[in-house]
Amino acid sequence: MKLKVPLGITIILVLLQVADYYFKVPVINTAAANLTVAILVMSAIAVGIGIISLTRIHVRRIVGKRPHSLESAIMLITLAIFILVGAVLGSGDPSYVYMFQNIIVPLDSAMFSLAGFFMASAAYRAFRARSREALALLVAAVIVMLGQAPIGETFWSGFPVLSQWILDVPNTGGVRALIMGIAIGMLSLTIRMLMGHEKGYLGTGA
Amino acid sequence: MATEKDWTHKLATIDPRVIFLLLFICVGAPLLMPFGLPVGISPPTTSTYKFIEGLPSGSIVVSAFDMSAAVAPECYPQVAAFTTHLKNKNHKIIEVAFDSAGPMFADQALKDVFGASKDHPLYGKNFVNLGYVAGGEAAMKAFAGDPKMIQKDFYGKDVKDLEIMQPLSSARDFKLMIVISGSQVDNFVRQFGDPHGVPIVGAVTAVLVTRVMPYYPAKVVGYLNGLRGAAEYEQLVKRPGIALAGMDAQSAAHLLVIIFILVGNVGYIVRKRRPS
Amino acid sequence: MLGEVILLEFAKGVVHSFTLLVISSVVMIILLYASRKGKVPKIRKLAAIDAIDEAIGRATEMGRPLHFTPGIGDFYGYDAPMTIAGISVLGHVARRVAQYNTPLIVTFAAPEIEPVITDVVKQAYLAAGRPERFNPDGIRFISTRQFAYTAGVVGILHREKVAANLMIGYFAGESIIIAEAGFLAGAIQIGATANTYQIPFFVVACDHVLVSEELYAAGAYLSKDPVQLAAITGQDWVRLIVAAFLVAGCVLATFGISLIADFFKM
């Protein structure tokens, strides 16, 4: 029973969404549209679950006087301020926008900028001519890097053309194949789920 | 014979912190002292420009913000550039966000290009910011089926009172959708491109471009490739901005990475060829 | 109403997709049923999965934690299958670390997967006969914000000096940051995602990588369940069918016959 009910719900909902995509049958299309709205409501509720979960973890840390409880307190105070300002004044209010532009944007951008630094050190370490294939990869990477930056055109006008060819032909061909393989893999996983062989999303107690 | 302190070993094992420091200098210095390298226009950017140019005046164009704050330095210059183009061509702009950070950038774009957002006299007639629709791809599907499912815009105004939304019955009424994203464009192709035939342009980060290319030009009619794409578009619309200013920094950074790769290979190859 | 259902009018432009879906599903289901009758297919070795035991062994010897993350995915949308595949592997990993008493840290970014992850890990410890070793403080929800989650994970990798870092699930821009941070912390790393444009970052920064659909095969490979292995074989057969369509379409189009090209427009 613990498996059959959620599995039954999964089967019905998956088949409904698939049928909605492929067929123009008003009763199915209406049911799927209503289901989609229900999903929107559930995903909004999930945000609330996240807030509760986060608060629970950090309050436990503060109450238990565990390491980094000061950071937890700062996080909870910031969370409360954002929620209060957003709920009372609205997220379109200049105060909320000011906080967003001056706290969230710089913090998020700073973290993402680490990707650039880490990519440079990873590229230095990884792009070694250990074999013919690695050498080909290295040459392609250098050509694309020079083609994507204006300085490459300054050295030779052919770099952007060659770079675009590498991206358009071998790269796109490979990515298309990967996308098709991934889609087939997702279909396989879905069929396993519908047949009850993949129970990971139900928890192993099912 | 190669030893631990051999120069080849040092070349092959440079401390990452040295790379980080030099990269910081290479990115920072050109921003302070630009050298003004010319920027060519790539075919996908030209395709995007020509498509928008070719739309009849007053066409409904949707800017779909699926971007977080992290990708703003790369994607926002694209937004400013193409929104300027849309304004110049008198197209009607519907801004909608599928990421919670999106509406803020949509609002900023309206202020930068039109001078004001909700207080502008043309707000609701020529452009609108519908705000964030939670739910990911499910939200996209719902919006594509009925754009008026959103009851209030980002500023709390009733959507049914907005003139720009009146003629819309489904995504088929969109003449173009510009997807601003740092994560994926496939879901927009699935929910807007395939079922409703909406032409899509990708204004995406450079990392995501390889994921957009398989759909170009059949389902994605053009794309802007990260900051470089933004710089190219700024040139096309004659609105030089931060993207063009950043091209010198990008050039210096790419050159530095190439130099480090070559240096590392010199050390590696010489070590490998020495008799042990 | 019943009449409307029976008529089944197709939506525009999806006939080819529906046909391929039916063919693919039939092939996979046939192989799944065949496996129940004892025909167990063999699949090639996946070096990255075999390396999981090596990673666990390393963490155990060094007395340092093993970190596992299924990434920033959740249970709805495009990333759901990757998250589910990651959690399948987590179950196996948790059983092994329970046997060796290796400290386990699991981090994730979607709060709705917390109950499932907690249940999977707890059940794994129970199955290994070591329920007392389960530590709920090791299951850590970081943040729904992508880079807040990244900052949290990077901090954990450095502060807790993890010996092994397993990133199996859905990853986006944070992949290179977490992978490189793991490298700098000295951890052995296994990366797996089906998010195509992040795979190169794992390839350069990780010791072992599962590429695209190998992630979906991982759960089957570890479980050695004949039915799941049959599903993997089914994937390969479907891939062959799709490749046959592509090659045939290209050859025919070269000679001006647009039969297959027209089919894909239906």
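In this text the structure is predicted, and so the values were computed from the model without any measurement.

(A) How the structure looks around the overall build of chain A. Across its full length, chain A holds seven helices and zero strands. Reading chain A from its N end, one meets helices and strands in the order α-α-α-α-α-α-α. Over its C-alpha atoms chain A spans a radius of gyration of 25 Å, topping by over 25% the 17 Å that the globule rule assigns to 206 residues. Seen through its principal axes, chain A has C-alpha atoms that stretch 60 × 50 × 35 Å. Here chain A holds 206 residues, and the buried ones make up 27% of them. Across chain A, the fraction of contacts at a sequence separation of at least 24, relative to all contacts at a separation of at least 6, is 21%.

(B) Geometry of the overall build of chain C. Assigned secondary structure in chain C consists of 11 helices and six strands. If one aligns the C-alpha atoms of chain C with their principal axes, the spans along those axes are about 65 × 45 × 40 Å. In chain C, which comprises 266 residues, the share counted as buried stands at 52%. By sequence separation, contacts in chain C at least 24 residues apart represent 71% of the contacts at least 6 residues apart.

(C) Quick look at the sheet that holds strand β6 (residues 208-211) of chain C. All names here are of chain C. Here we have six strands laid out as an open sheet, ordered β3-β2-β1-β4-β5-β6, and parallel in their pairing. With partners counted over all chains shown, the strands left at the sheet margins are β3 (139-141) and β6, one partner each. For this sheet, the mean angle separating the axes of adjacent strands, direction not counted, is 15°. One ladder, built from five bridges, connects strand β1 (residues 66-71) with strand β4 (residues 164-170); its direction is parallel. The partner of histidine 67 across the bridge, within β4, is asparagine 165. Contacts between helix α9 (residues 214-223) and the sheet are confined to β4, β5 (188-193) and β6, with β6 contributing the most and set at about 105° to the helix.

(D) Layout of the domain arrangement of chain C. All names here are of chain C. On domain assignment, one finds that chain C holds domain 1 (47-222) and domain 2 (225-266). For domain 1 versus domain 2, the separation of C-alpha centres amounts to 34 Å. The interface is formed by four residues belonging to domain 1 together with six residues belonging to domain 2. For the side of domain 1 that touches domain 2, a count of residues per class yields two nonpolar, one polar and one charged.

(E) Expanded view of helix α4 (residues 94-126) of chain A. Helix length check: α4 of chain A (33 residues) gives 46 Å between terminal C-alpha atoms against 48 Å at 1.5 Å per residue, within 8%. At phenylalanine 100 of chain A, α4 of chain A shows its largest kink, close to 30°.

(F) How the structure looks around unusual backbone geometry. Along the chain, tyrosine 216 of chain B connects to proline 217 of chain B via a cis peptide bond; the corresponding omega equals 0°. Among the secondary structure elements, proline 217 of chain B is positioned in the loop between α8 (209-212) and β6 (220-225). Residues other than glycine seldom take positive phi values, yet histidine 68 of chain A does so here, at roughly 70°. Turning to its location among the elements, histidine 68 of chain A is positioned in the loop between α2 (26-63) and α3 (69-89).

(G) Local environment of the pairing of strand β2 (residues 92-97) of chain B. Residue and element names in this part refer to chain B. Of all six residues making up β2, six are buried, and the element is well covered by its neighbours. Note: strand β1 (residues 60-66) against β2, six bridges, orientation parallel. Across the sheet, residue isoleucine 60 finds its bridge partner in β2, namely lysine 92. Of the crossover connections in this fold, the one passing from β1 over helix α4 (residues 72-88) to the parallel β2 is right-handed. The pairing of β2 with strand β3 (residues 127-132) spans four bridges and is parallel. Across the sheet, isoleucine 94 pairs through a bridge with valine 128, a residue of β3.

(H) Fine view of the nonpolar core. If you look at the biggest cluster of nonpolar residues, it comprises 211 residues, and the most contacted ones within it are Met177 of chain B together with Leu66 of chain C. Ranked by residues supplied to this core, first place goes to α4 of chain A with 14 residues. What leucine 66 of chain C contacts, discounting residues up to four positions off in sequence, is Ala55, Ile56, Ala59, Val97, Thr102, Leu104, Val162, Ala163, Ala164 and Leu166 of chain C.

(I) Fine view of the packing of helix α1 (residues 4-22) of chain A against helix α7 (residues 158-194) of chain A. Residue and element names in this part refer to chain A. Two elements in contact, α1 and α7, have axes whose closest approach is 9 Å; the angle formed by their N-to-C orientations is 135°. Classified by the interaxial angle, the pair formed by α1 and α7 is oblique. On the side of α1, the interface is formed by Thr10, Ile11 and Val14, while α7 contributes Thr190, Met193 and Leu194. Residues of the contact of α1 with α7, tallied by class, amount to four nonpolar, two polar and no charged.

(J) Summary view of the interface of chain C and chain A. Taken together, the contact pairs 55 residues of chain C with 48 residues of chain A. A per-element tally of the side of chain C that touches chain A places helix α10 (residues 226-254) of chain C first, with eight residues. Looking at the side of chain C that touches chain A residue by residue, the classes come out as 32 nonpolar, 15 polar and eight charged.

(K) Region of the structure containing the interface of chain C and chain B. Each partner contributes residues to the interface: chain C has 12 residues there, and chain B has 17 residues. Of the residues belonging to the side of chain C that touches chain B, the class tally is seven nonpolar, five polar and no charged.

(L) Expanded view of the confidence of the model for chain A. Across chain A, the average pLDDT comes to 87, with 96% of residues at or above 70. Of all helices and strands in chain A, the one with the weakest mean pLDDT is α2 of chain A (83), whereas helix α5 (residues 132-148) of chain A scores best (93).

(M) Region of the structure containing the environment of leucine 167 of chain A. Among the structural elements, leucine 167 of chain A can be located in helix α7. The class for leucine 167 of chain A is buried, based on 21 C-beta atoms found within 10 Å. A C-alpha to C-alpha distance of 20 Å links leucine 167 of chain A and glycine 116 of chain A, two positions 51 residues apart in sequence. Among residues more than four places away in sequence, those in contact with leucine 167 of chain A are Val144 and Thr172 of chain A together with Thr210 and Met213 of chain B.

(N) Representation of helix α7 (residues 175-184) of chain C in the model. The buried fraction of α7 of chain C is high, at nine of 10 residues. Of all the positions in α7 of chain C, only Ser175, Ile176, Ile177, Ile178, Ala179, Glu180, Ala181, Gly182 and Phe183 of chain C are classed as buried. Packed against the buried residues of α7 of chain C are α4 of chain A together with α6 (146-159), β4, β5 and α8 (199-205) of chain C. Taken from the residues just after α7 of chain C, glycine 186 of chain C is the one with a positive phi, measuring 85°.

(O) How the structure looks around the sheet that holds strand β5 (residues 200-204) of chain B. All names here are of chain B. Across the sheet, which stays open at both edges, the six strands sit in the order β3-β2-β1-β4-β5-β6 with parallel pairing between neighbours. A single partner strand is all that each edge strand has here, and the edge strands are β3 and β6. Taken over all neighbouring pairs, the strand axes of this sheet differ in orientation by 15° on average, direction set aside. Sheet topology places β5 next to β6; five bridges connect them, and they run parallel.

What counts and what doesn't
Residues numbered from 1 in each chain as written. Chains lettered and ligands numbered in written order. Predicted model: local features only at pLDDT ≥ 70, side-chain atom pairs only at ≥ 80, totals over all residues. Helix = DSSP H or I, 4+ residues; strand = E, 2+ residues; numbered from the N terminus. Rg over C-alpha atoms; globule rule 2.2 N^0.38 Å. Buried ≥ 20, exposed ≤ 12 C-beta atoms within 10 Å, placed from the backbone. Contact = placed C-beta atoms within 7 Å. Pairing = 2+ DSSP bridges. Axes fitted to C-alpha atoms, helices over the stretch in contact; angles between N-to-C directions. Domains from an automatic or database assignment. Nonpolar A, V, L, I, M, F, W, Y, C, P; charged D, E, K, R; others polar. Expected span 1.5 Å × (residues − 1). Bend = angle between axes of the 7 residues up to and from the residue. Right-handed = clockwise from strand over helix to strand, strands pointing away. Core = buried A, V, L, I, M, F, W, Y, C linked by C-beta atoms within 7 Å. Parallel < 35°, antiparallel > 145°, perpendicular 65-115°, else oblique. pLDDT = per-residue confidence, 0-100.

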